[in-house]
Amino acid sequence: LHPFTVPAFPVLRSWLPTVLFGSPGRGMAVLETHSLGGLSPDLCLGGDARFVRSVGALALAVCARGGFAPGLASVRHGVVMAEWVSSADPRVREELARLAEGMPPSCRQVAPPSEDADLEALLGLCVDVVVRACLEVRRHALGRTLRASDPAERWLLSLLHSVPLALRPVRELEEQIRGWTAEGVEEPAPRVQLVLRLDDPLEVEPSADPGPGSSQPREDRPEVVASCPLTVLVQTLDVSGVPGSQVPLAELFGPRTPAGLARLRQPALEALRAAARVFAPLAALVRDPAQPFLGLSAEEALTFAGSPAQALASDGIEVLMPEWWSAAPAVPTACLRVGPIRTGAGRGALSLDSLAAFRWEVALGGETLSPEEFETLVRSRQPLVRLRSGWVRVDPGAMREMATQWEESGTSGQLPALAALRLALEAQGAGAATRTSPGAQSARAPLDLEVSGAVAAWLGRLGELRRLEPLPEPDGFTGSLRPYQRNGLGWLAFLADLGLGGCLADDMGLGKTVQILALLQHRRVQGQSAGPCLLVCPTSVLGNWMAELRRFTPGLTAHLHYGQGRPTGAALTHLASLADVVLTSYSLLVRDREDLAAVDWDGVILDEAQNIKTATALQAQAARDLRARWRFALTGTPVENRLQDLWSIFSFALPGYLGGARSFTRSYATPIHQGQAAVAERLRGTLAPFVLRRTKRDPAVAAELPTKTELRQDCPLTAEQASLYQATLRESLERISGTEGMVRRAAVLTTLLRLKQICDHPSLLLGDRGRLEGRSGKLDRLEELLDDVVAEGDRALVFTQFATWARRLQAHLAERLGCQVLCLDGSVPGGARAEMVRQFQEGEGPGVFVLSLRAGGTGLNLMAARHVFHYDRWWNPAVESQATDRAYRLGQTRGVLVHRLIAPGTLEERIDEILSGKAQIAAQVVGEGGEAWLTEMDTEQLRGILTLRAGASGE
């Protein structure tokens with residue numbers, strides 16, 4: 001073998017710490033883990049134990065900085081035994097002398113106390129033993145990577161495995177080793193630690209000038225961050241790892257840097273490169289370390305303060321940040337100051353159309369911002385701003401959300417008093433401070449509301465709802481109210497007295513009519529009526545309302561605004577002033593919109609208020625035009641398809657209470673449809689004072705009702721239906737797949753309509769006038785069931801959504817059953833409707849009544865029926881429930897059987913499964929939730945729902 005050359009040893013010396021420990025700086029952590037077993041120093045409580053630990057720490061420090069060298073244990077006949085020993089570093093010798101001087105008595109048993117030199121030698125031996133043990137930890141893994149063919153690595157292999165190695169000449173080798181060791185002693189590698197300090201921003205951009213009208217000094221305006229300085233400091237470490245002085249990194253790379261500091265350049269750059277792998281922007285200082293600091297944007301500074309700072313600290317780098325960085329981002333707090341009410345067109349200070357003066361303010365970080373300041377901060381989109389009190393972290397998303405609220409209402413001006421009331425109720429529900437006196441100090445909360453005058457009076461009175469007493473039947477009311485109806489009367493009278501309104505959302509058949517009539521009689525007896533009341537309902541139930549008025553409130557004067565000769569203009573106003581109640585229909589509400597809006601009504605009542613569920617429809621617009629002190633909407637289904645239905649109803653009952661349509665969709669409808677239960681609960685709390693909802697499952701109601709049994713009747717398709725279904729579906733899906741937007745939605749709805757028609761009867765789609773029997777599984781099953789109904793002397797209602805099919809079904813069933821069958825659709829005039837209902841109820845003539853769902857699904861009392869058949873599925877369970885409630889309502893004494901005819905294996909079965917959970921959205925908000933949701937599915941989802949499944953055909 002060739003002897004080593006002198007240059008090989010310095011290479012080996014610089015290479016060893018990196019190979020053994022990954023980097024010189026990590027050596028201490030690695031060796032502590034292996035040598036101390038992870039024990040905490042705090043466990044060593046005695047002085048003797050602390051002394052031993054100090055000796056061990058010195059040995060570990062020697063290893064961590066690479067302060068060791070290979071030695072020659074013995075040289076005999078050219079065979080070398082190699083071993084590891086500590087280098088003769090003067091700093092190590094000084095530390096050994098200090099430790100020897102302080103050695104406790106229990107450790108001096110091996111030598112006399114006076115022999116200090118021997119004690120130092122003993123301690124040095126201890127250090128060498130620890131060094132050898134620590135290096136032994138890595139020898140196996142390192143040995144497997146060495147190449148025995150390389151002379152330098154062969155020497156290292158001998159050291160690691162402690163095996164003899166024949167080398168010649170030995171004397172030359174000894175001299176090279178002594179030179180290497182001496183060189184390492186004279187120039188020990190410096191150890192450094194980085195300190196990263198994030199300072200307050202040095203550069204700021206002042207807010208835009210608010211204009212000559214602003215009284216705010218420029219220096220008081222908020223500033224946003226342009227640059228956050230991150231300074232890198234280099235800190236030296238002594239042999240034991242004790243931190244020394246700190247020097248800015250830039251000073252190490254100056255043109256006149258002293259030699260002592262220049263020695264720190266290389267280890268500082270190595271440490272900085274490692275840090276840049278954690279936080280990439282530090283690479284700019286690696287490329288140009290003479291920069292005084294690294295300028296970070298506010299976003300970069302926030303990123304650095306998160307996980308990168310934690311990772312760097314775990315790697316031994318000290319991170320310093322201003323105190324305000326540790327605080328959570330400040331949440332902007334809105335303060336709405338609502339002043340006096342300016343009375344609107346209605347009567348009284350507490351009118352539904354009253355307007356209140358208001359002014360928005362925002363507090364951030366303990367400072368109240370002007371609208372100009374707030375706008376500046378929102379535009380900046382910065383997460384760090386400086387206010388008068390100093391630098392503050394903010395959430396730009398929360399700032400933009402609040403800015404949107406400002407944009408919708410304006411920063412000051414007037415808003416509906418009801419909108420202020422809703423905000424106050426929301427603030428109370430969230431635990432925020434609501435003040436009713438302008439001078440009171442408010443606690444910080446998501447919404448700090450200051451109200452005065454009439455809005456404060458409203459808020460105070462609404463607190464009485466919790467203690468509201470039921471009202472008995474008023475004098476002159478000829479009926480008898482059930483307990484829950486007396487509670488309803490108390491609620492209606494309370495809100496009407498306040499000049500408010502609401503939604504009476506009891507289930508169909510629970511007596512909304514008698515509660516309203518009791519309210520009208522109560523207000524007349526109490527002398528509270530300030531004019532006539534307007535009652536709007538579907539044309540089909542006008543006669544029913546007139547009959548109920550005469551029955552329960554004979555003392556009230558009622559005028560029916562209906563027919564060709566109805567008064568208009570001034571004549572209508574005069575006639576209305578002579579009446580207690582004016583009744584009209586939704587169609588006439590639109591036709592006579594201006595005449596009805598010119599009357600000062602004491603109150604307005606909308607029966608079957610789902611007729612105004614579409615806010616843009618003419619009926620809804622005309623209802624909102626009416627002037628009244630109070631307004632009530634009556635509907636068993638306040639939510640049919642979407643939560644926007646609810647907004648439209650409340651835009652009539654409590655104008656402005658739920659805000660604008662876009663705001664409601666963004667704040668409530670969209671999150672609730674996405675399943676955010678917390679938002680649904682917040683909306684429920686907002687609506688709670690103004691929605692009264694009782695269902696037939698409520699214990700107080702259920703005890704007064706008979707049972708209702710729902711039965712699914714499976715009706716397999718005939719061969720004709722199955723083949724027609726497949727062909728129609730294939731053609732429709734091809735057409736749908738190439739469309740989008742409104743065209744696609746229309747195509748989907750057309751497909752659904754056609755497939756439902758096929759499930760009912762092929763002639764509905766084909767338009768033929770041929771025979772009906774034997775072509776539809778549903779029709780065959782309906783005939784079988786009605787045979788039993790007629791034979792038992794029972795009565796039945798048959799609902800279908802297709803008016804043309806209702807007529808054909810009437811004729812077919814009359815022939816098939818051998819008896820007269822009634823049929824009600826939208827073409828039947830009011831007088832004929834009333835006569836049909838009378839005949840059916842009184843048991844005269846036909847026992848089977850076919851009704852189109854639109855014309856007969858609401859407003860009718862048909863309790864003579866014990867069976868209800870839903871011939872085809874309406875994709876809204878609430879609409880079907882309304883139709884069922886024609887028979888299943890208060891006063892019904894017999895159990896009701898509800899039959900749903902479903903074609904198995906078709907879209908009807910799949911959507912029946914889906915609809916079982918669709919009512920949950922409405923139930924989350926007010927209680928109990930068409931087919932518009934189906935149009936949002938993609939083509940593959942539609943294919944999965946609509947495709948005909950095995951067993952669909954009975955042939």
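In short, a report on the structure. Worth saying up front: this structure is predicted, and the values here are computed from it rather than measured.

## A look at the overall build of the protein chain
- Secondary structure summary: the protein chain contains 39 helices and 30 strands in total.
- Burial analysis of the protein chain (955 residues in total) assigns 50% to the buried set.
- By element, 52% of the accessible surface of the protein chain is carried by carbon and sulfur atoms, the whole surface being about 41,800 Å².

## Focus on the pairing of strand E18 (residues 501–504)
- Burial of the side chains of E18 extends over both faces: Gly 501 and Cys 503 are buried on one face and Gly 502 and Leu 504 on the other.
- As paired elements, E18 and strand E23 (residues 627–634) share four bridges and run parallel to each other. Residue Leu 504 lies in a different strand from E23, and its bridge partner there is Leu 634.
- Across two bridges, E18 lies against strand E24 (residues 691–692) in parallel orientation. Each residue of the ladder has a partner; that of Cys 503, found in E24, is Val 691.

## Some points on the nonpolar core
- Grouped together as the largest cluster of nonpolar side chains are 66 residues, with contacts concentrated most on Leu 462, Leu 500, Leu 520, Trp 545, Phe 650 and Phe 690.
- No other element matches helix H18 (residues 483–498), which puts eight residues into this core.
- Apart from the residues within four sequence positions on either side, Phe 690 is in contact with Leu 421, Leu 425, Leu 462, Trp 491, Leu 495, Leu 500, Gly 501, Gly 502, Cys 503, Phe 650, Leu 654 and Tyr 657.
- Listed in part, the 29 residues of the second largest apolar core include Ala 268, Phe 279, Leu 285 and Trp 391.

## Here we look at the side chain of Lys 512
- Note that Lys 512 resides in helix H19 (residues 512–525).
- Buried Lys 512, no salt bridge; nearest opposite-charge side chain is Asp 607, N-O distance 6.2 Å.
- Lys 512 has contacts with Leu 504, Asp 506, Asp 507, Leu 634, Thr 635 and Gly 636, leaving out every residue within four places of it along the chain.

## Let's talk about the sheet that holds E18
- Ordered by their spatial adjacency, seven strands build an open sheet running E20-E21-E19-E22-E23-E18-E24, and the pairing between neighbours is parallel. Only two strands of the sheet have a single neighbouring strand rather than two, namely strand E20 (558–560) and E24.

## Concerning the pairing of strand E30 (residues 896–902)
- Taking burial as the measure, the seven residues of E30 include seven buried ones, the bulk of the element.
- Taking every second residue as pointing to the same face, both faces of E30 are buried, with Val 896, Val 898, Arg 900 and Ile 902 on one and Leu 897, His 899 and Leu 901 on the other.
- After leaving strand E29 (residues 867–870), the chain enters helix H36 (residues 877–884) and then returns to the sheet as E30, a path that is right-handed.

## So, helix H13 (residues 307–314)
- Residues Pro 308, Ala 309 and Leu 312 constitute the buried set of H13. Summarising the axial view, the buried residues of H13 lie within an arc of 100°, below the 170-degree limit, and thus occupy one face. Exposed and facing more than 90 degrees away from the buried side of H13 are Ser 307, Gln 310 and Ser 314.
- Considering only its buried residues, H13 is in contact with strand E4 (191–198), helix H10 (265–276), helix H12 (298–304) and strand E9 (318–320).

## Some details on the sheet that holds strand E28 (residues 848–852)
- The strand order across the open sheet formed by six strands is E25-E30-E29-E26-E28-E27, and the pairing between neighbours is parallel. Edge positions in the open sheet fall to strand E25 (708–714) and strand E27 (821–824), since each of these has one partner strand only. Adjacent strand axes in the sheet meet at a mean angle of 20° when their direction is disregarded.
- Sheet analysis places E29 next to E30, joined by four bridges and oriented parallel. Each residue of the ladder has a partner; that of Val 868, found in E30, is Val 898.
- Most of the contacts of helix H33 (residues 803–817) go to E27, to which it runs at about 175°, and overall it touches strand E26 (796–800), E27 and E28.
- Against the sheet, H36 makes contact with E25, E26, E29 and E30, and its axis sits at roughly 150° relative to E29, the strand it touches most.

## Things to note about helix H29 (residues 719–737)
- Here H29 spans 27 Å end to end across 19 residues, near enough to the 27 Å set by a 1.5 Å rise per residue.
- When we look at burial in H29, the residues that qualify are Gln 721, Ala 722, Leu 724, Tyr 725, Thr 728, Leu 729, Ser 732, Leu 733 and Ile 736. With its buried residues spanning 160° around the axis, H29 presents them on a single face. Set apart from the buried face of H29 by more than 90 degrees, the exposed residues are Arg 730 and Glu 734.

## Quick word on unusual backbone geometry
- Phi is positive for Glu 608, close to 50°, though the residue is something other than glycine.
- As for its position among the elements, Glu 608 is in the loop between strand E22 (600–607) and helix H24 (618–625).
- Take Glu 608: its relative accessible area is 4%, and that puts it in the buried class.

## Observations concerning the side chain of Gln 515
- Here Gln 515 lies in helix H19.
- Within the structure, Gln 515 has its side chain in polar contact with the side chain of Arg 694 (distance 3.0 Å).
- Dropping the residues within four chain positions of it, Gln 515 is found in contact with Tyr 484, Gln 485, Gly 488, Leu 489, Leu 492, Leu 504, Asp 506, Leu 510 and Arg 694.

## Structural notes on the packing of aromatic side chains
- Under the definition given, this model contains eight aromatic pairs.
- For the ring pair Phe 664 and Tyr 668, a centre distance of 5.5 Å and an interplane angle of 40° mean the geometry is tilted. In this pair, Phe 664 and Tyr 668 both sit in helix H26 (residues 661–673), four residues apart, roughly one turn of the helix.
- The class of Phe 664 is buried, set by a relative accessible area of 1%.

## Digging into the environment of Glu 101
- Within the secondary structure layout, Glu 101 lies in helix H4 (residues 90–101).
- Distance in space between the C-alpha atoms of Glu 101 and Leu 119 is 8.7 Å, their sequence separation being 18 residues.

The rules behind each value
- Residues numbered from 1 in each chain as written.
- Predicted model: local features only at pLDDT ≥ 70, side-chain atom pairs only at ≥ 80, totals over all residues.
- Heavy atoms only, no water.
- Helix = DSSP H or I, 4+ residues; strand = E, 2+ residues; numbered from the N terminus.
- Buried < 20%, exposed > 50% of the residue type's maximum accessible area, 1.4 Å probe, protein only.
- Areas by Shrake-Rupley, 256 points an atom, 1.4 Å probe, with all protein chains shown as cover.
- Pairing = 2+ DSSP bridges.
- Core = buried A, V, L, I, M, F, W, Y, C linked by side-chain atoms within 4.5 Å.
- Contact = heavy atoms within 4.5 Å.
- Lys, Arg positive; Asp, Glu negative; His and termini not counted.
- Salt bridge = Lys/Arg side-chain N within 4 Å of Asp/Glu carboxyl O.
- Right-handed = clockwise from strand over helix to strand, strands pointing away.
- Arc of directions from axis to C-beta.
- Axes fitted to C-alpha atoms, helices over the stretch in contact; angles between N-to-C directions.
- Expected span 1.5 Å × (residues − 1).
- Polar contact = N/O pair within 3.5 Å; in protein donor to acceptor, adjacent residues only side chain to side chain.
- Phe/Tyr/Trp six-rings, centres within 6.5 Å; stacked < 30°, edge-to-face > 60°.

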